[in-house]
Amino acid sequence: MREKKKKNLKFQKELRRLRVEQDMTLRELGKRTGISFVTLSRYEHGLYSNPGRQNISSLAKILGVTKSHLENLLE
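Our subject in this report is the structure included herewith. For clarity, every value in this text was computed on a predicted model and none was experimentally measured. (Residues numbered from 1 in each chain as written. Predicted model: local features only at pLDDT ≥ 70, side-chain atom pairs only at ≥ 80, totals over all residues. Heavy atoms only, no water.)

So, about the overall build of the protein chain. Secondary structure assignment for the protein chain yields five helices and zero strands. When the helices and strands of the protein chain are placed in sequence order, the string is α-α-α-α-α. Rg of the C-alpha trace for the protein chain: 11 Å, near the compact-globule value of 11 Å for 75 residues, within the 12% margin. Expressed as lengths along the three principal axes of its C-alpha atoms, the size of the protein chain is roughly 35 × 20 × 20 Å. A buried classification covers 37% of the 75 residues belonging to the protein chain. By sequence separation, contacts in the protein chain at least 24 residues apart represent 57% of the contacts at least 6 residues apart. Carbon and sulfur atoms provide 49% of the accessible area of the protein chain, an area that totals close to 5200 Å². Both charge centroids of the protein chain, one from 17 positive and one from 8 negative side chains, sit 5 Å from each other. (Helix = DSSP H or I, 4+ residues; strand = E, 2+ residues; numbered from the N terminus. Rg over C-alpha atoms; globule rule 2.2 N^0.38 Å. Buried < 20%, exposed > 50% of the residue type's maximum accessible area, 1.4 Å probe, protein only. Contact = heavy atoms within 4.5 Å. Areas by Shrake-Rupley, 256 points an atom, 1.4 Å probe, with all protein chains shown as cover. Lys, Arg positive; Asp, Glu negative; His and termini not counted. Charge placed at Lys NZ, Arg CZ, Asp CG, Glu CD.)

Below, the structure written as C-alpha cells:
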C-alpha cells in the first residue's frame, strides 16, 4: 500500500507542477479540460487516487504530456 501511495504522490506533484508551469489556476485547467475544479483539487491533494481514462486523456492534452506519462505515475 505504501508503494501505491508513493506513486500517487508523484502524480499529485506532477499535476501541480505542470499546471503551475503553464501559469494556470485549477479553475482554468478545469474549464479547459471539462474536469470540475473540485475534482482537480482532490487530485492535487491526494483525495482521489485514480483518475479515469477520460480525465487522464484530457489532462495530458491540455498539459502537453502523453497519457502514458501521467498513467505511469499512478502504477
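The rest of the description comes next.
The topology assignment puts L40 in helix α3 (residues 37-44). Along the primary structure L40 and E71 are separated by 31 residues, whereas in three dimensions their C-alpha atoms are 16 Å apart.

Moving on, we get to unusual backbone geometry. Negative phi characterises most residues that are not glycine, and trans characterises most peptide bonds. Of note in the backbone geometry, D23 takes a positive phi value of approximately 55 degrees without being a glycine. What makes D23 exposed here is its relative accessible area of 67%.

Turning our eyes to something else, we now look at the side chain of T39. Structurally, T39 can be placed in helix α3. When residues no more than four places from it in sequence are discounted, the contact partners of T39 are Y48 and N55.

When two helices pack together, their arrangement is given by the angle between the helix axes and by the axis-to-axis distance. Relative orientation of the contacting elements helix α2 (residues 26-33) and α3 amounts to 120 degrees, with a least axis distance of 8 Å. You can see that α2 and α3 cross each other, and the crossing is right-handed. Seen from α2, the contacting residues are L26, R27, L29, G30 and T33; seen from α3, they are F37, L40, S41 and E44. Considering only residue class, the contact of α2 with α3 consists of four nonpolar, three polar and two charged. (Axes fitted to C-alpha atoms, helices over the stretch in contact; angles between N-to-C directions. Left-handed = near helix turned anticlockwise from the far one by under 90°. Nonpolar A, V, L, I, M, F, W, Y, C, P; charged D, E, K, R; others polar.)

According to the stated counting rule, one finds two aromatic pairs in the structure shown. Where F11 meets Y43, the ring centres are 6.2 Å apart and the plane angle is 75 degrees; that geometry is what we call edge-to-face. A residue pair is termed long-range when its members are at least 10 positions apart, and F11 in helix α1 (residues 2-21) and Y43 in helix α3 qualify at 32 residues. A single burial state applies to F11 and to Y43, both of which are buried. Three or more aromatic residues joined by ring pairs form one cluster here, namely F11, Y43 and Y48. Across from the ring centre of F37, 4.0 Å away, lies the NZ or CZ of R27, which sits over that ring. (Phe/Tyr/Trp six-rings, centres within 6.5 Å; stacked < 30°, edge-to-face > 60°. Lys NZ or Arg CZ within 6 Å of the ring centre and 35° of its normal.)

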